Every structure is written in structure tokens, then in C-alpha cells.
Amino acid sequence: MARRPLIGVSTYLESGTRWGVWELEAALLPAGYPRLVQRAGGLAAMLPPDAPEHAAATVARLDGLVIAGGPDVEPVRYGAEPDPRTGPPARARDAWELALIEAALTARVPLLGICRGMQLLNVALGGTLVQHVDGHAEVVGVFGRHPVKPVPGTLYAGVVPEETAVPTFHHQAVDRLGTDLVPSAYAADGTVEAIELPATAGWVLGVQWHPEMGEDLRVMRALVTAAS
């Protein structure tokens, strides 16, 4: 049997999480993420927040990395004052995931950012965010769908060449692109829906939507293939 690549996925860190008779702080991840990794042919490993200085050693044990969705990136990370509609900070996640991204880019470990993960990739490379957009998270707690159109000639277009409807839930978006990043998909309203680095930097892609909430395996399968 072929060796299945080990794909690390960052996690939430939440206080007051309840299950059974317990209410405790918990590192958690919606099951769609590991299931998507597994369906795409990888082994999934959860990466709860840790001290940033441990990021390089963590990434060194992985074949691929996914930065998962979650809360808004703290605006101080990209030199902005918080908008009243920006959510409370998740400073442990910000610090840990920024360190993971830096380590993956340095080691050229294939990297996929999902929703918050795409935004954090942009911030890690010096970009900024729009702190609120309308129409991409219409009902609280419910994923919507809208079409995204790939940019021809990009990594993403090579994986998904046609316009597709994707599961989406976000109220922030990429503003100024980080160093060397290029847009590789757009929504109909012009929102950047995917970003990537040139192939010379390795396999690096961010998507604004949530592939773990859909049936299309192509993006995750491409990461797993690159990690193999």
C-alpha cells in the first residue's frame, strides 16, 4: 500500500466547550477537515496552538499543512485599528498559525489556507484585510454558496479549471496582497477568493471558501498529491 502523506491541520482553542458531562477548554476542529484530508488520501493530524518557537519542528514532521478557518485575524497583525464588526482576537491561534505558515514557507512544505487560513497567509506575507464585506455570510451559522471563477494559468485553475459554486461563510477578505501573492479566483462581486504563490515558491494556495463543507475533493487532493 502506498504511504499516505501526513497532513497537519490547525485547530480552534475554545473555553467552556461542552460534551457529555464535561465543560472544559478544548482544542477542537470541525470533523469536515480531517474527513476531507482522509477522503483525499492523506492522514490527518490536529495541531492545537503551541508556542511559536515549536512551529519549525512541528512542520518538519509533516508532509503538508492546512491552516483552518476560524475567528478574525487581529487587525494589529496588519497594522489596522479594529472595525466594530471585527470579532474578538484569538491571539494564541494568530501567533501559532503565523509561525506555522512561516515554517512551511521556509521548508517548502505544501500549504493550504482555508478561509481564515487564506487571510492569515496574506497577512503573513505583509498583506492587509478588508474587515467587513456583505453578502458572503448571509445567515449566522449557515454556510451559503456562490460561484468562484478561476484565473487562467494559475495553480488553482490547473486544479479546478471551471467556474464552480463553493460553500462559503466569511465577512472579511483580502485587501492589499502580500509579497509575491497573486489572485487565482474571484467572486462575481470582485472579492478575491483564492491566492497563491508562484510555483518557484512551492505548492502554496489559499481559498476563501470551505472545501470541507462540500463534496469537491480536488483542492485537498492536489495538496495531498503535492505532499506525496
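Refer to the structure above for everything that follows.
Residues numbered from 1 in each chain as written. Predicted model: local features only at pLDDT ≥ 70, side-chain atom pairs only at ≥ 80, totals over all residues. Heavy atoms only, no water.

Undergrad: I tried to follow the overall build of the chain on my own but got confused; where do I start?
TA: Secondary structure assignment for the chain yields six helices and 13 strands. Here the C-alpha coordinates of the chain stretch approximately 50 × 50 × 30 Å along the principal axes. The buried share among the 228 residues of the chain stands at 51%. Within the chain, contacts between residues at least 6 apart in sequence are counted, and of these 69% link residues at least 24 apart. For the chain, the exposed surface amounts to about 10800 Å²; the carbon and sulfur share of it is 56%. Within the chain, the 25 negative side-chain charges are centred at a point lying 7 Å from the centre of the 17 positive side-chain charges. (Helix = DSSP H or I, 4+ residues; strand = E, 2+ residues; numbered from the N terminus. Buried < 20%, exposed > 50% of the residue type's maximum accessible area, 1.4 Å probe, protein only. Contact = heavy atoms within 4.5 Å. Areas by Shrake-Rupley, 256 points an atom, 1.4 Å probe, with all protein chains shown as cover. Lys, Arg positive; Asp, Glu negative; His and termini not counted. Charge placed at Lys NZ, Arg CZ, Asp CG, Glu CD.)

Undergrad: In this structure, what is going on with the pairing of strand β11 (residues 182–187)? I would like to understand it.
TA: The side chains of a regular strand alternate, residue by residue, between the two faces of the sheet. Here three bridges tie strand β8 (residues 144–150) to β11, and the two strands are oriented antiparallel to one another. Opposite Val 148, over in β11, you have Ala 187 as the bridge partner. If you look at the hairpin formed by β11 and strand β12 (residues 192–196), you'll find four residues sitting between the two strands, and Gly 190 has a positive phi there, around 95°. (Pairing = 2+ DSSP bridges.)

Undergrad: Would you explain the pattern of salt bridges in this entry?
TA: Side-chain pairing between opposite charges can occur once the charged atoms of the two side chains come close. Across all of its chains, the model carries 10 salt bridges by this definition. Arg 93 is paired through a salt bridge with Glu 97; the nearest N and O atoms lie 2.7 Å apart. One end of the pair, Arg 93, and the other, Glu 97, are both in helix α3 (residues 91–107), four residues apart, so they sit about a helical turn from each other. Residue classification places Arg 93 among the buried positions, given a relative accessible area of 3%. Its salt-bridge partner being Asp 94, residue Arg 116 comes within 2.8 Å of it at the nearest N-O pair. Taken together, the residues span a long stretch of sequence, with Arg 116 in helix α4 (residues 116–124) and Asp 94 in helix α3 at a distance of 22 residues. Accessibility expressed as a relative area gives 1% for Arg 116, which makes it buried. (Salt bridge = Lys/Arg side-chain N within 4 Å of Asp/Glu carboxyl O.)

Undergrad: Help me out: how do you make sense of the nonpolar core in this one?
TA: The nonpolar side chains of a soluble globular protein tend to be buried with one another. Judged by nonpolar contacts, the single largest core of 30 residues is most densely connected at Val 66, Leu 112, Tyr 156 and Met 220. Setting aside residues up to four positions removed in sequence, Val 66 forms contacts with Ile 7, Gly 8, Val 9, Ser 10, Leu 112, Ile 114, Met 220 and Leu 223. Of all hydrophobic cores here, the second largest spans 29 residues; its members include Leu 65, Leu 111, Leu 120 and Val 204. (Core = buried A, V, L, I, M, F, W, Y, C linked by side-chain atoms within 4.5 Å.)

Undergrad: Sorry if this is basic, but what is going on with α3 here?
TA: Across its 17 residues, α3 extends 24 Å between first and last C-alpha, which sits within 8% of the 24 Å expected from 1.5 Å per residue. With its phi angle positive at about 60°, Arg 108 sits one or two positions after the end of α3. (Expected span 1.5 Å × (residues − 1).)

Undergrad: Even after reading the chapter, I still don't get the environment of Pro 183, so can you show me in this structure?
TA: Following the sequence through the fold, Pro 183 ends up in strand β11. A sequence separation of 40 residues divides Pro 183 from Phe 143, and the C-alpha atoms of the two residues are 23 Å apart. Each residue touching Pro 183, except ones within four places of it in the same chain, is listed here: Val 151, Thr 154, Leu 177, Val 192, Ala 194 and Ile 195.

Undergrad: Explain the packing of aromatic side chains here, please?
TA: Both the distance between ring centres and the angle between the ring planes are used here to describe each pair of aromatic rings. Under the definition given, this model contains two aromatic pairs. A ring pair is formed by Phe 143 and Phe 169, whose centres lie 6.1 Å apart and whose planes are at 65°; its orientation type is edge-to-face. With Phe 143 in the loop between β7 (129–130) and β8 and Phe 169 in the loop between β9 (164–168) and β10 (173–174), this pair connects stretches of sequence that are 26 residues apart. In this structure Phe 143 comes out as partly exposed when scored by relative accessible area, which is 35%. A relative accessible area of 29% means that Phe 169 is categorised as partly exposed. Aromatic side chains Tyr 156 and Trp 209 sit 5.4 Å apart centroid to centroid with 65° between the ring planes, which places their arrangement in the edge-to-face category. Here Tyr 156, found in helix α5 (residues 155–159), pairs with Trp 209, found in the loop between β13 (204–207) and α6 (218–227); they are 53 residues apart in sequence, far enough to count as distant. Lying over the aromatic face of Tyr 12, Arg 93 brings its terminal NZ or CZ to 4.9 Å of the ring centre. (Phe/Tyr/Trp six-rings, centres within 6.5 Å; stacked < 30°, edge-to-face > 60°. Lys NZ or Arg CZ within 6 Å of the ring centre and 35° of its normal.)

Undergrad: Looking at this model, I keep getting lost on unusual backbone geometry. Mind explaining?
TA: One non-glycine residue, Arg 108, lies in positive phi territory at about 60°. Take Arg 108: it is sitting in the loop between α3 and β6 (111–114). By relative accessible area, Arg 108 is classed as partly exposed at 47%. A positive phi is found at Cys 115, a non-glycine position, where the angle reads about 55°. By the element assignment, Cys 115 lies in the loop between β6 and α4. Since its relative accessible area comes to 5%, Cys 115 is described here as buried.

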